Amino acid sequence: MRFAFDAEQLEFRDAARNLLEKECPPSAVRTAWSNETGRVPGLWDRLVEMGLFELDEVDSILVLEETGRACVPEPVVEAWALQRADATLAIDNTPFALAADTVDLIIAQYGDELVRASAGERRPSVDASRHVFEVHAEGDVLDRDAAVVTERAALAAAAQLVGLAQQMLDMSVAYVAQREQFGKPVGSFQAVKHHLADAALRLEFARPCVHRAAWVLANDPAEVQVAVSLAKAQASDAALLTARKALQVHGAIGYTVEYDLHMWMKRAWALAAAWGDAGWHRNRIKQGLLKGTHADA
């Protein structure tokens, strides 16, 4: 099966990239680390106007990657999973809700149900632009398929992780091309090339897994569990590896909060752990494969 995107989908991705380059540059992400909301003023309305939260999984997956690439400090994963731009979400394995103080509706998963919830205490995050809150169920059960919502959240997080990894890789390639040591760009040294090649290879394995999971979620419900978990596990691994390699090739500057790389790394750390980490999803893949084996017996 060929998972190629059509011209319209690619144009939509490019339009999203152009929008985010203007409305969410690194300076805006940095401001979100210290403002009251952890968000970029006006950006959410522009994303809503684009129709991101009304698209199906395949049409939106490239735009979700772009929101990761730009390190967008907004509840994109949650709103996209719910297909509601006014809501945020907490699920069993990610029990805190992002931006719960700035949305109209908080939804929490409890077992097989989605219920309305209220915001509790704010909790710390390694990414200071992620304002996450405890949630308390209010008992009003919503008529929504919790399984579909949680699969969409994991897929959206995987797409953002791919975008984050791509941007960290691009930043690293640009840095080693201009940073000199012993009269040569450090990117010409074999060890540096190997670091970045390892990251690029892992990313190239992760991206098609994410694209395939988007297609499966839209078209083949029986395969969703394995496809989405494979995407999230691979994307988490790729982003974490790329963050580590980016930090290594940047040297001491990569550790500083004054340099933009740290914002992408910390977002990757947060998202890799959210919506099920790689280990949790690998166990889920095993369960899904075993279930299929038993069904065929």
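For the structure, check the block above.
Remember, it's a predicted structure, so these values are computed and weren't measured experimentally.

The rules behind these values
- Residues numbered from 1 in each chain as written.
- Predicted model: local features only at pLDDT ≥ 70, side-chain atom pairs only at ≥ 80, totals over all residues.
- Heavy atoms only, no water.
- Helix = DSSP H or I, 4+ residues; strand = E, 2+ residues; numbered from the N terminus.
- Rg over C-alpha atoms; globule rule 2.2 N^0.38 Å.
- Buried < 20%, exposed > 50% of the residue type's maximum accessible area, 1.4 Å probe, protein only.
- Contact = heavy atoms within 4.5 Å.
- Lys, Arg positive; Asp, Glu negative; His and termini not counted.
- Charge placed at Lys NZ, Arg CZ, Asp CG, Glu CD.
- Pairing = 2+ DSSP bridges.
- Core = buried A, V, L, I, M, F, W, Y, C linked by side-chain atoms within 4.5 Å.
- Phe/Tyr/Trp six-rings, centres within 6.5 Å; stacked < 30°, edge-to-face > 60°.
- Lys NZ or Arg CZ within 6 Å of the ring centre and 35° of its normal.
- Salt bridge = Lys/Arg side-chain N within 4 Å of Asp/Glu carboxyl O.
- Expected span 1.5 Å × (residues − 1).
- Polar contact = N/O pair within 3.5 Å; in protein donor to acceptor, adjacent residues only side chain to side chain.

1. Some thoughts on the overall build of the protein chain
Within the protein chain, the secondary structure is distributed over 10 helices and seven strands. Taking 297 residues into account, the globule formula puts the C-alpha radius of gyration at 19 Å, and the protein chain, at 19 Å, falls close to it. In terms of overall dimensions, the protein chain has a C-alpha envelope of 65 × 55 × 35 Å along the principal axes. Expressed as a percentage of the 297 residues in the protein chain, the buried residues total 51%. Expressed as a percentage of contacts within the protein chain between residues at least 6 apart in sequence, the contacts between residues at least 24 apart total 71%. Here the protein chain contributes 30 positively and 42 negatively charged side chains, and the mean placements of these two sets differ by 8 Å.

2. Considering the environment of Pro208
In this structure, Pro208 sits in helix 7 (residues 190-219). Pro208 sits 50 residues away from Glu258 along the chain, and the two C-alpha atoms are 34 Å apart.

3. As for the sheet that holds strand 2 (residues 97-98)
Spatially, five strands are ordered 1-3-4-5-2 in an open sheet, and the strand pairing comes out mixed. Edge positions in the sheet fall to strand 1 (87-90) and strand 2, since each of these pairs with one other strand and no more. Pairing geometry for strand 1 and strand 3 (residues 105-110), over four bridges, is parallel. In the strand pairing of strand 3, Leu89 is matched with Ile107.

4. A short note on the nonpolar core
For soluble globular proteins, nonpolar side chains are generally found buried alongside one another. Residues Ile61, Leu89, Val210 and Trp275 are the most contacted members of the largest nonpolar core, which totals 84 residues. With 18 residues, the top contributor of residues to this core is helix 6 (residues 146-178). Dropping the residues within four chain positions of it, Ile61 is found in contact with Phe5, Leu155, Ala159, Val210, His211 and Ala214. Residues Ala100, Val103, Val115 and Phe133 belong to the second largest nonpolar core, which totals 10 residues.

5. As for the packing of aromatic side chains
On inspection of all chains with the given rule, the structure shows two aromatic pairs. An angle of 70 degrees between the planes, with centres 6.4 Å apart, marks the rings of Tyr175 and Tyr259 as edge-to-face. Within this pair, whereas Tyr175 is found in helix 6, its partner Tyr259 is found in the loop between helix 8 (224-250) and helix 9 (261-273), the two being separated by 84 residues in sequence. The class for Tyr259 is partly exposed, based on a relative accessible area of 22%. The side chain of Arg39 reaches across the aromatic face of Trp44, ending 5.0 Å from its centre. Positioned above the aromatic ring of Trp80 is the side chain of Arg152, whose terminal nitrogen or guanidinium carbon lies 3.9 Å from the ring centre.

6. As for the side chain of Lys245
Within the secondary structure, Lys245 sits in helix 8. Residue contacts for Lys245: discarding those within four places in its chain leaves His195, Asp198 and Ala199.

7. With respect to the pattern of salt bridges
Inspection of every chain in the model, using the stated rule, returns 17 salt bridges. Across the pair Arg39 and Glu74 runs a salt bridge, and its minimum N-O distance is 2.5 Å. Of this pair, Arg39 sits in the loop between helix 2 (26-32) and helix 3 (43-50) while Glu74 sits in the loop between helix 4 (57-69) and helix 5 (76-82); the two residues are 35 residues apart in sequence, bridging distant segments of the chain. Arg84 is the salt-bridge partner of Asp86, the closest N and O atoms lying 2.8 Å from each other. A relative accessible area of 26% places Asp86 in the partly exposed class. By relative accessible area, Arg84 is classed as partly exposed at 32%. Via salt bridges that share partners, Arg17, Glu66 and Arg69 belong to a single interconnected network.

8. Details of helix 1 (residues 7-23)
With 17 residues, helix 1 ought to run about 24 Å at 1.5 Å a step, and its terminal C-alpha atoms sit 24 Å apart, in line with that. Looking at the buried side of helix 1, the elements it contacts are helix 3 and helix 4. Capping the start of helix 1 is the job of one residue whose side-chain oxygen sits 3.1 Å from the backbone nitrogen of Glu8: Asp6.

9. Some words on unusual backbone geometry
Within the chain, Gln83 stands out as a residue other than glycine whose phi angle is a positive 55 degrees. Owing to a relative accessible area of 42%, Gln83 belongs among the partly exposed residues under this scheme. Phi is positive for Trp275, which is not a glycine, with a value near 60 degrees.

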